[in-house]
Amino acid sequence: MSTAVETASSAVIVAIDGPSGTGKSSTSKAVAAKLGLSYLDTGAQYRAITWWMLNNGIDVTSPAEIATAAAKPVIVSGTDPTGPTITVDGEDASGPIRTQEVTSQVSAVSAVPEVRTIITELQRTIAAGARGGIVVEGRDIGTTVLPDADLKIFLTASPEARAARRSGEVKGSDLAATREALIKRDAADSGRKTSPLAKADDAVEVDTTELTLQQVIECVVTLVEEKRTAA
Ligand SMILES: Nc1ncnc2c1ncn2[C@@H]1O[C@H](COP(=O)(O)OP(=O)(O)O)[C@@H](O)[C@H]1O
Ligand SMILES: Nc1ccn([C@@H]2O[C@H](COP(=O)(O)OP(=O)(O)O)[C@@H](O)[C@H]2O)c(=O)n1
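Counting restarts for each chain: residues are numbered from 1 in the order of the written sequence. Going through the entries in the order they are written, you letter the chains from A and number the ligands from 1. Confidence filtering applies because this is a predicted model: local features only for residues at pLDDT of at least 70, side-chain atom pairs given and counted only at 80 or more, and all residues used for totals across whole chains, interfaces and linings. Hydrogens and waters are ignored; side-chain quantities use all the structure's heavy atoms.

- The name given to the protein chain in an unreviewed UniProt entry is Cytidylate kinase, with Kitasatospora albolonga as the source organism.
- UniProt positions are given in the numbering used here, feature names are shortened, and annotations may be inferred rather than shown by experiment. Among the UniProt annotations of the protein chain, the heading Sequence similarities (unreviewed entry) holds the following wording: "Belongs to the cytidylate kinase family. Type 1 subfamily."
- Its UniProt record, at the heading Subcellular location (unreviewed entry), says of the protein chain: "Cytoplasm".

Dropping the structure here:
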């Protein structure tokens, strides 16, 4: 089966991967908005299917139960970078997918091959439909979902910087606990058999530890513009 996603010739496909707290969502949204591209948060889709499983009595410690239910929820992602949306069976899921409960279970659900097959297909369909081009962010976009992307970026940052950024988002959160949870999720995402978090061989690695968000955005915008000029 071909994995190539066909878009209009002027459309650019950008894949942004990396672990939690490296700045994927903030960077991808800003780059897409600046360049008039669509935006897809693939982590939100894995969170959405996890939320549905938890709401529907699926035992998320059972890969067999998860696999059997994987095709049931209807997940729809809105790709406007200035107001991305996500619904599950028509219900707005943008708030509930960010709870601690979903965050702690999402790696187990996303490791199940049947879940990845369904969500990957959905992601390729959305990318193919983005006539003006798209920025897609996640863990396996450059390696598996869109291996023919025009530009692949792999964002990194030290665990300390990432934990500080994440706990800065939640009032009263414990920095050490946030760091532990983040490292645990990274290990699960990097260690799973099917499509683990990994840098594609042809991805540009950007260490954001010492960079401001603005600097990371400018760096990625420049890389996209260079690709467009070269095309
Ligand atoms: N380079 C950076 N410097 C400081 N804070 C950043 C930087 N990049 C992102 N952030 C902040 O860190 C938090 C996590 O960023 P986010 O884009 O959600 O990361 P990811 O999608 O990789 O998990 C957000 O609050 C964001 O504003
Ligand atoms: N392409 C992707 C994107 C996310 N995921 C899974 O979804 C989870 C949540 O992704 P996210 O991007 O919302 O995570 P944050 O780092 O933003 O908290 C990850 O920890 C992975 O388990 C994945 O498996 N593949």
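Back to the text.
### Side note on the overall build of the protein chain
For step 1, the next point in the chain: The secondary structure listing takes helices from DSSP runs of H or I that are at least 4 residues long and strands from runs of E that are at least 2 residues long, numbered from the N terminus. Across its full length, the protein chain carries nine helices and eight strands.
For step 2, the next point in the chain: Our radius of gyration is a C-alpha quantity, and the globule rule it is checked against amounts to 2.2 Å times the number of residues to the power 0.38. By the compact-globule yardstick of 17 Å for 231 residues, the protein chain fits well, its C-alpha radius of gyration being 17 Å.
For step 3, the next point in the chain: Burial classes follow relative accessibility: with a 1.4 Å probe on protein chains only, a residue under 20% of its type's maximum area counts as buried, one over 50% as exposed, and anything between as partly exposed. Burial analysis of the protein chain (231 residues in total) assigns 47% to the buried set.
For step 4, the next point in the chain: Residues are treated as being in contact if the distance between any of their heavy atoms lies within 4.5 Å. Taking all contacts inside the protein chain whose residues are at least 6 apart in sequence as the whole, residues at least 24 apart take part in 77%.

### Points about the site of ligand 2
For step 1, the next point in the chain: Within the structure, ligand 2 sits among 18 residues, and S20, R47, R116, R185 and D189 are positioned closest to it.
For step 2, the next point in the chain: The contact in question runs from an oxygen atom of ligand 2 to an N or O atom on the side chain of R185, over 2.8 Å.
For step 3, the next point in the chain: Only the protein chains shown count as cover for residues, and all accessible areas are computed by the Shrake-Rupley method using a 1.4 Å probe. Protein contacts shield 97% of the accessible area of ligand 2, which totals 530 Å² for the unbound molecule.
For step 4, the next point in the chain: The set of elements that each furnish at least two residues to the shell around ligand 2 consists of α2 (42-55), α4 (100-110) and α8 (175-191). Throughout this document, a residue counts as near a molecule or strand when at least one of its heavy atoms sits within 4 Å of that molecule or strand. Here a polar contact means two N or O atoms within 3.5 Å. Within protein one must be a hydrogen donor candidate and the other an acceptor candidate, and residues neighboring in sequence count only if both atoms are side-chain atoms.

### Section: the side chain of T50
For step 1, the next point in the chain: Note on placement: T50 falls in helix α2.
For step 2, the next point in the chain: Taking relative accessible area as the criterion, T50 reaches 0% and is therefore assigned buried.
For step 3, the next point in the chain: With near-sequence residues (within four places) excluded, T50 lies in contact with V102, Q105, V106 and V109.

### Regarding the pairing of strand β3 (residues 75-78)
For step 1, the next point in the chain: Side chains I75 and S77 of β3 all project onto a buried face; the interleaved residues V76 and G78 project onto a face where none is buried.
For step 2, the next point in the chain: Pairing between two strands is assigned when DSSP locates at least 2 bridges connecting them. With four bridges joining them, β3 and strand β4 (residues 85-88) adopt antiparallel strand pairing. From the neighbouring strand, I75 faces β4, where its bridge partner is V88.

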